[in-house]
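Here are the chains, one letter per residue:
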Amino acid sequence: MPRAKAKPEGQRAAREMVHLARLMQFADSTLPIGSFAFSNGLESALQTQVVTDPASLRDFVAVAMRQASRMDGVALLHAHRAAVAGDYDTVLAADSELACRRVGEEQQMMTSRMGKKFAELALKISSFPMLERWLAGIRAEDTPGCYPVGQAIAFAQLGADEAEAFVVHQYGVASMILGAALRLMRIDHLDTQRTLFGVLQHTQAEYEAIRDLTLDEMSTFAPVFDVLVAHHTTTHVRLFMN
């Protein structure tokens, strides 16, 4: 007997499943874009005893995520909206504005190196025309190549909405720090997963707080975090790049 055609509802469900699976792939902490080389300031936080136990680690991750939402998150939303609209100039503006606000050479290195690696990876597994153009701009040194902007371009083409793109980015910030914590602290996977579960509860509130901000309003105030980044740049013994 001929096989029955899939109902429209079934086709839609299948597309949604593929969409979710691909978002999960790009959210995976094992994505080979070099995030394992960075601690996002955690190494200095441990050396200076700002972080000493699971409770203070959770506070540190929460601050890092809040900082990321007010900076990277704002740039990501603007770049995503621009990519959806085919407005490449605004994508470049978001990239430049974010790079200008990154404090410290290693923070700039982190976002640009991961951005370039992300674009190279994405183009190896699928076709992303705007991302290809953006990568060419990075190689020509016409744009800094900030990681959140690369995410925004790719997710826009994948059909992800801006909220989904924001969630994936925030998840990545937390998982990067917690992955470093496993190598730097006396802490186990249960502790880090408990921390991750706890800090992610603020994701929607952070999105709602920043979704209407302009690029000019992109800013953050976390002086202790900035001092830790500066401290790490000059420390003699370290495992991570920042």
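Scroll up a little and you will see the structure.
The rules behind these values
Here the residue numbers are simple positions, counted from 1 along each chain's written sequence. Since the coordinates come from a predicted model, pLDDT governs what is reported: local features require at least 70, and pairs of side-chain atoms require 80 or more to be given and counted, while whole-chain, interface and lining totals use all residues. Note: side-chain values were computed over all heavy atoms of the structure, leaving out hydrogens and water. Two rings belonging to Phe, Tyr or Trp (six-membered ring only in the last case) form a pair when the distance between their centres is within 6.5 Å. Interplanar angles under 30 degrees mark stacking, angles over 60 mark edge-to-face geometry, and anything in between is tilted. Secondary structure counts use DSSP, requiring at least four H or I residues in a row for a helix and at least two E residues in a row for a strand, with both numbered from the N terminus. The buried label goes to any residue with under 20% of its type's maximum accessible area, the exposed label to any with over 50%, and the partly exposed label to all in between, with areas taken from a 1.4 Å probe on protein chains only. Under this definition, polar contacts are N or O atom pairs within 3.5 Å; protein pairs additionally need one hydrogen-donor-capable and one acceptor-capable atom, and for neighbouring residues in sequence, both atoms have to be side-chain atoms. Note on method: axes are straight lines fitted to C-alpha atoms, helices fitted across the in-contact stretch only, with angles between N-to-C directions ranging 0 to 180 degrees. Throughout this description, any angle smaller than 35 degrees is read as roughly parallel, any larger than 145 degrees as roughly antiparallel, any in the 65 to 115 degree range as roughly perpendicular, and the remainder as oblique. Contacts: residue pairs with any heavy atoms within 4.5 Å of one another. Note that Gly is not counted as nonpolar here; it falls among the polar residues with everything else outside the nonpolar set of Ala, Val, Leu, Ile, Met, Phe, Trp, Tyr, Cys and Pro and the charged set of Asp, Glu, Lys and Arg.

In this section: the packing of aromatic side chains. Considering all chains together, one arrives at four aromatic pairs under this definition. Between phenylalanine 118 and tyrosine 147, the aromatic rings sit 5.6 Å apart at their centres with planes inclined by 70°, giving edge-to-face as the arrangement. With phenylalanine 118 in helix 5 (residues 105–125) and tyrosine 147 in helix 7 (residues 147–157), this pair connects stretches of sequence that are 29 residues apart. For phenylalanine 118, a relative accessible area of 0% corresponds to the buried category. With relative accessibility at 12%, the residue tyrosine 147 sits in the buried group. Centroid distance phenylalanine 166 to tyrosine 207: 5.7 Å. Interplanar angle 50°. Geometry classified as tilted. On the criterion of sequence distance, the pair formed by phenylalanine 166 in helix 8 (residues 162–184) and tyrosine 207 in helix 10 (residues 203–210) is long-range, its members being 41 residues apart. Relative accessible area serves as the criterion here: at 1%, phenylalanine 166 is assigned to the buried category. In this structure tyrosine 207 comes out as buried when scored by relative accessible area, which is 14%. Through a chain of ring-to-ring contacts, three or more aromatic side chains come together here, namely Phe26, Phe118, Tyr147 and Phe155.

Its location among the elements puts aspartate 191 in helix 9 (residues 189–199). Aspartate 191 gets classed as buried once you look at its relative accessible area, which sits at 18%. A polar contact is formed between the side chain of aspartate 191 and the side chain of arginine 194, at a distance of 2.9 Å.

This paragraph deals with the packing of helix 6 (residues 129–139) against helix 7. Viewed as axis vectors pointing N to C, helix 6 and helix 7 meet at an angle of 160°, and their least axial separation amounts to 8 Å. Compared by their axis directions, helix 6 and helix 7 come out roughly antiparallel. Across from Pro129, Met130, Leu131 and Trp134 in helix 6, the residues of helix 7 making contact are Val149, Gly150, Ile153, Ala154 and Gln157. Residue composition of the contact of helix 6 with helix 7, grouped by class: seven nonpolar, two polar and no charged.

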